[in-house]
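These are the residues of each chain, in order.
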Amino acid sequence: MKDQIENNEVDLYLQTLLEEMSPKAKSLIITFFGDTVFPYGGTIWLGSLVKFMEEFDISEKLTRTSIFRLTKEGWLSSKKFGRESYYSLSDLAIDRFIKAHYSVYAYDEQEKDRDWLVLFSNGVKPSKETELAKVLKKEGFANTAKHVHMHPHYKMEYMQDILIKHELQNDVLLIKGPIEMPMNKEMLKDMVHTYWDMNDVEERYQDFITKFRRVFSLKTPIDQFTDKQCFMLRVMLIHEYRRALLFDPKLGNDLVSIDWLGKAASSLVESIYASIH
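Enquirer: Teacher, can you tell me more about the nonpolar core here?
Expert: Soluble globular proteins tend to bury their nonpolar side chains together. Residues Phe33, Phe56, Phe212 and Leu233 are the most contacted members of the largest nonpolar core, which totals 67 residues. At 11 residues, helix 10 (residues 227-245) tops the list of elements feeding residues into this core. Grouped together as the second largest cluster of nonpolar side chains are 13 residues, Phe141, Tyr154, Met159 and Val172 included.

Put into structure tokens, the structure is as follows:
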């Protein structure tokens, strides 16, 4: 009887969490593929995917429609064996997930790269520069002056991929290296808040922390959750964390306040993820 009550408490928490998140089907399916399917074989039967998505109140019709659209958009690839369809991440999606891996599962890896990357777009045509600026902003770059975009530790190989994709590799100037000028940390942090909206990012992290920290107030510890409960918690945890990360320019601990919530959110993810069996 006690176990039943505690399981009901966990189920109620997970259902409340799901209602608060209200995830979009396509986005949740991508999270599921990245965290659950890709690391363990990479391919799943459509029928199994439908069953998994039903745990998140996503109907079979909506799952099938979302899979069709994700395939059309290039995120998924499909194979047929007889009358059964199997799906996996496309090569393009795999590249994106490998790139995102260190943000989601190894937040502190960024601390190892201390070199700033500065891009000068003077040679880019105005129409293409507008498109490039949108891409760079999404990647966390600050547009500090006309034709100038900078980031404290963006990987050069990722930038090369962007430039090749947009056919701009011969139209920009890239400079990568440490800041040698005598700038103290307070000056750097003032610059950060001038060019990056960190308040919005912190609000998103605070919302994430508030939602998932509640799991530790339950009577049932995470290591005693059922397999189904662990599955649901893990997918929602990574999904919501991934959404928060999308708005984080990932500047590194040197450039943010000592109580930066990005670090707290990362630690929370590590703690919960390690407890899930």
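Enquirer: Sorry, what's going on with unusual backbone geometry here?
Expert: Leaving glycine out, the prevailing phi sign among residues is negative, and the prevailing peptide bond configuration is trans. Here serine 22, not a glycine, exhibits a phi torsion of approximately 45°, which is positive. Exposure remark for serine 22: the relative accessible area of 52% places this residue in the exposed category. With a phi close to 55°, lysine 250 is a non-glycine residue in the positive phi region. Among the structural elements, lysine 250 can be located in the loop between helix 10 and helix 11 (261-275).

Enquirer: Explanation requested: the environment of aspartate 35 in the structure shown.
Expert: For aspartate 35, the location among the structural elements is in helix 2 (residues 25-37). Residue classification places aspartate 35 among the buried residues on the basis of a relative accessible area of 3%.

How each quantity is defined
Residues numbered from 1 in each chain as written. Predicted model: local features only at pLDDT ≥ 70, side-chain atom pairs only at ≥ 80, totals over all residues. Heavy atoms only, no water. Core = buried A, V, L, I, M, F, W, Y, C linked by side-chain atoms within 4.5 Å. Buried < 20%, exposed > 50% of the residue type's maximum accessible area, 1.4 Å probe, protein only. Helix = DSSP H or I, 4+ residues; strand = E, 2+ residues; numbered from the N terminus.

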